[in-house]
Amino acid sequence: MNICLSDGRVIPVEMHQVRIVQKKSLANINQRLSALKEAGYNTFGLRTRDIFMDMLTDSGTNAMSDNQLAAMMVSDDAYAGSESFYRLKDAVKDVFGFTHVLPVHQGRAAEHLLAKVFVKPGNIVPMNYHFTTTKTHFEMEGGKVVEICTEEAFNTQSTNPFKGNLDLEKLEETISSCGAQNISFVRMEATTNLIGGQPFSLGNLKAVKEIASRHGILLMVDGSLISENAYLIKQREEAYHKASIQDIISEICSLSDLFYLSGRKSCSVRGGFIATNDSRLYGRIMPLLPVFEGFLTYGGMSTKEIEAMAVGIREMTDVDVAGCSVELIRYFAQRLMENGVPVVTPPGGLACHVDAMRFVPHIPQLQYPAGALAAAIYLCSGIRSMERGTVSMDRDADGNDVPSDLELARLAVPRRVYTVSHVEYAVDRLTWLFNHRELIGGLEFTEEPAVLRFFLGKLRPLGNWGETLAQAFRESFGSEF
Ligand code: F0G
């Protein structure tokens, strides 16, 4: 909840208390430099012992609630017919309004099954923006992802409240040029991950649904961050200021023919599911579940996770839960902007996104500015962020790099994990780095997998800039930090 202090500052105050903690330590600059070299300048390659604040992702890294942990103790480990599944089914029905639910081990497993059933070679899949694993799964089935976002989506200095909206005119054009029969479905991602956790509005979703159903096309929602999108709709869309998070979630879901999510985000648990009210669609996906994931009543999840998910689904409708990371992100972005550090605006869900194109404009895009920035952030703070730029795009069929629309270093804010003092530390080190930005140089690959190269690829700095930056850091703060 935001609280206004006597001096006029508005700070996010945690509406929970910490009952279990994990010890952390801060590796010093020399240790961080060798850890970064060993990781191949890729933050995915770091070990957590060398990380102070892990802002790589909010995925599977949220703090669970006492009630989620308690629910895990009463899980029913039956292979078939587990009562835990029926508690999940009830929660999905009560909160999302869907009758059919297929549990899977995580979001990309849902994408795998959906791609297998609905994406045929040559199909087009229009969406507000792609996510890495989504695109890979759809393309592996021979489909083509078409991004139909508005121009504003790529403006990192925007005040547009709904940069996750789909461009309705372009959708009509795409349908008439490709033919409705060649479109697998229209996919809307609740807070578009790769363009800065930006929400769509309910007004836009309703219009997308109207167009899609007029042409007999299914609407699919990726609800991995649905409670954050709902929170941002409540804040930013006039007609919904007084609506509850539950009301907004219900309305989003009532427009979805197909729905899936990664439970690792809004649900604060590991797992995921596909849901629908359409028995025919359910009947097409269902036979694949035991083949690729597991029996219908656990899919790819443990029954403990299923219990925790059932609770997490109900808890995400609490406005303090839906808003906890959104408000810390807003504060984080605002403090960075006060210090002149370029961040994506308006702040969204998921993370505070630093705009590498403006932070290190001297690094050409094919020398991976966002990757270099993520490496430099780790080096001078012990904070692990994630590259969301050209490194996250795989090469095209001719082996050429595909420059990303945006170059972002994403500092994710897992739910209920970090506090305002953590954020203040991050702001201080990022500001120092911004003031020494000319020391950061580009990167090149030394090992490069063909698919999803950002996970396992290794890079090296062009020139010796890691050493130079570390030396400047020692001069400012000493070697013990
Ligand atoms: N959809 C969205 C919008 C996501 O953000 C993710 C994962 C997935 C699908 C895939 O789900 O990881 O459970 O298989 N996002 C993570 C991230 C990886 O760090 O943003 P998953």
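Residues numbered from 1 in each chain as written. Predicted model: local features only at pLDDT ≥ 70, side-chain atom pairs only at ≥ 80, totals over all residues. Heavy atoms only, no water.

Novice: So what's going on with the layout of surface pockets? Residues and values would help.
Specialist: The computed volume of the largest pocket comes to approximately 1,400 Å³. Lining of the largest pocket is provided by 45 residues; of these, Ile-20, Ala-63, Met-64, Arg-416 and Val-417 occupy positions nearest its centre. Listed by contribution, the elements that provide at least two residues to the lining of the largest pocket are β3 (53–54), α2 (66–73) and α13 (319–338). Broken down by element, the residue count for the lining of the largest pocket peaks at six residues, all from α13. Here the residues of the lining of the largest pocket sort into 20 nonpolar, 13 polar and twelve charged. (1 Å grid on protein atoms, 1.4 Å probe; cavity = no way out; pocket = protein on both sides within 12 Å on 5 of 7 lines; lining within 4 Å. Points joined across faces, edges and corners; volume = space filled by probe spheres on them. Helix = DSSP H or I, 4+ residues; strand = E, 2+ residues; numbered from the N terminus. Nonpolar A, V, L, I, M, F, W, Y, C, P; charged D, E, K, R; others polar.)

Novice: Residue-level account of the packing of aromatic side chains, with values.
Specialist: In the structure shown here, the tally under the stated rule is 20 aromatic pairs. Look at Phe-96 and Phe-273: their rings are 5.8 Å apart centre to centre, the planes differ by 55°, and that puts the pair in the tilted class. Of this pair, Phe-96 sits in helix α3 (residues 83–96) while Phe-273 sits in strand β10 (residues 272–276), placing them 177 residues apart in sequence. Relative accessible area serves as the criterion here: at 3%, Phe-96 is assigned to the buried category. (Phe/Tyr/Trp six-rings, centres within 6.5 Å; stacked < 30°, edge-to-face > 60°. Buried < 20%, exposed > 50% of the residue type's maximum accessible area, 1.4 Å probe, protein only.)

Novice: Account for the domain arrangement of the protein chain, with residues named and values stated.
Specialist: Partitioning the protein chain into structural domains gives domain 1 (2–58 + 321–477) and domain 2 (66–317). Each of domain 1 and domain 2 has a C-alpha centre, and these two points are 27 Å apart. Listed per partner, the contact involves 33 residues of domain 1 and 39 residues of domain 2. The interface formed by domain 1 and domain 2 includes two salt bridges. As a salt-bridge pair, Arg-415 and Glu-228 come within 2.7 Å of each other at their nearest N and O atoms. In this assembly, domain 1 and domain 2 are joined by 15 residue pairs in polar contact (both at pLDDT 80 or more). For the side of domain 1 that touches domain 2, the element with the most residues is α13, which contributes six residues. Looking at the side of domain 1 that touches domain 2 residue by residue, the class counts come to 16 nonpolar, eight polar and nine charged. (Domains from an automatic or database assignment. Contact = heavy atoms within 4.5 Å. Salt bridge = Lys/Arg side-chain N within 4 Å of Asp/Glu carboxyl O. Polar contact = N/O pair within 3.5 Å; in protein donor to acceptor, adjacent residues only side chain to side chain.)

Novice: Quick rundown of the nonpolar core? Include the residues and the values.
Specialist: Formed by 61 residues in total, the largest nonpolar core has its most connected members in Phe-332, Val-354, Phe-359, Leu-373, Leu-433, Ile-440 and Trp-465. Setting aside anything within four residues of it in sequence, one finds Phe-332 in contact with Met-55, Cys-352, Leu-411, Val-413, Val-423, Ala-426, Val-427 and Leu-430. Listed in part, the 58 residues of the second largest apolar core include Val-92, Val-101, Val-221 and Ala-322. (Core = buried A, V, L, I, M, F, W, Y, C linked by side-chain atoms within 4.5 Å.)

Novice: Tell me what's going on with the sheet that holds strand β11 (residues 351–355), and back it up with residues and numbers.
Specialist: Read from one edge of the open sheet, three strands run β11-β14-β13, paired in antiparallel fashion. The sheet terminates laterally at β11 and β13 (386–388), the two strands that pair on one side only. Here the strands of the sheet are splayed against their neighbours by 30° on average, with no regard to which way each runs. With three bridges joining them, β13 and strand β14 (residues 408–412) adopt antiparallel strand pairing. Bridge pairing links Arg-388 to Leu-408 in β14. Sitting on the sheet, helix α15 (residues 369–381) touches β11, β13 and β14, and the angle it makes with β14 is about 45°. (Pairing = 2+ DSSP bridges. Axes fitted to C-alpha atoms, helices over the stretch in contact; angles between N-to-C directions.)

Novice: Any details on unusual backbone geometry? Residues and values, ideally.
Specialist: Note the cis peptide between Thr-345 and Pro-346, where omega equals -10°. Inspection of the secondary structure assignment puts Pro-346 in the loop between α13 and β11. The residue Ser-268 is not glycine, and still its phi comes out positive at about 55°. Along the chain, Ser-268 falls in the loop between β9 (258–262) and β10. Overall, Ser-268 belongs to the buried group, its relative accessible area being 7%.

Novice: Tell me what's going on with helix α5 (residues 132–140), and back it up with residues and numbers.
Specialist: Thr-132, Thr-133, Thr-134, Thr-136, His-137 and Phe-138 are the residues of α5 that are buried. Backbone geometry just downstream of α5 places Gly-142 in the positive-phi region, at approximately 95°.

Novice: So what about the pattern of salt bridges? Which residues, and what values?
Specialist: Per the counting criterion, the structure on display carries 30 salt bridges. The shortest N-O distance in the salt bridge between Lys-170 and Asp-167 comes to 3.9 Å. Residue classification places Asp-167 among the buried residues on the basis of a relative accessible area of 19%. A salt bridge links Arg-453 to Asp-401; the shortest N-O distance between them is 2.7 Å.

Novice: Before we move on, can you summarise the environment of Gln-365 with the specific residues and values?
Specialist: Residue placement: Gln-365 occurs in the loop between α14 (356–359) and α15. Beyond its immediate stretch of four places on either side in the chain, Gln-365 contacts Met-357, Thr-390, Pro-403, Ser-404 and Glu-407. Among the polar contacts listed, one links the side chain of Gln-365 to the backbone oxygen of Ser-404, at a separation of 2.8 Å.

Novice: Just give me the short version of the site of the ligand, but keep the residues and values in it.
Specialist: The environment of the ligand is formed by 17 residues, the closest being Thr-57, Arg-108, Asp-222, Ser-262 and Arg-410. One of the side-chain nitrogen or oxygen atoms of Asn-193 is found 2.7 Å away from an oxygen atom of the ligand. Take Arg-410: an N or O atom from its side chain is 2.7 Å from an oxygen atom of the ligand. Protein burial of the ligand: of its 470 Å² of free accessible surface, 96% is covered by the chains. In this structure, the ligand is accommodated by the second largest pocket. The element that contributes the greatest number of residues to the shell around the ligand is helix α4 (residues 107–118), accounting for three residues. Of the residues belonging to the shell around the ligand, the class tally is two nonpolar, eight polar and seven charged. The residue makeup of the shell around the ligand includes at least three contributed by each of domain 1 (2–58 + 321–477) and domain 2 (66–317). (Near = heavy atom within 4 Å. Areas by Shrake-Rupley, 256 points an atom, 1.4 Å probe, with all protein chains shown as cover. Sits in = over half its atoms within 2 Å of the grid points.)

Novice: Account for the packing of α13 against helix α16 (residues 420–435), naming residues and giving values.
Specialist: Two elements in contact, α13 and α16, have axes separated by 10 Å at closest approach and are oriented at 30°. The orientation of α13 relative to α16 falls into the category roughly parallel. Like other packed secondary-structure pairs, α13 and α16 cross with a definite hand, here right-handed. On α16, the residues touching Leu-328, Tyr-331, Phe-332, Arg-335 and Leu-336 of α13 are Val-420, Val-423, Glu-424, Ala-426, Val-427 and Leu-430. Of the residues assigned to the contact of α13 with α16, the class counts are nine nonpolar, no polar and two charged. (Parallel < 35°, antiparallel > 145°, perpendicular 65-115°, else oblique. Left-handed = near helix turned anticlockwise from the far one by under 90°.)

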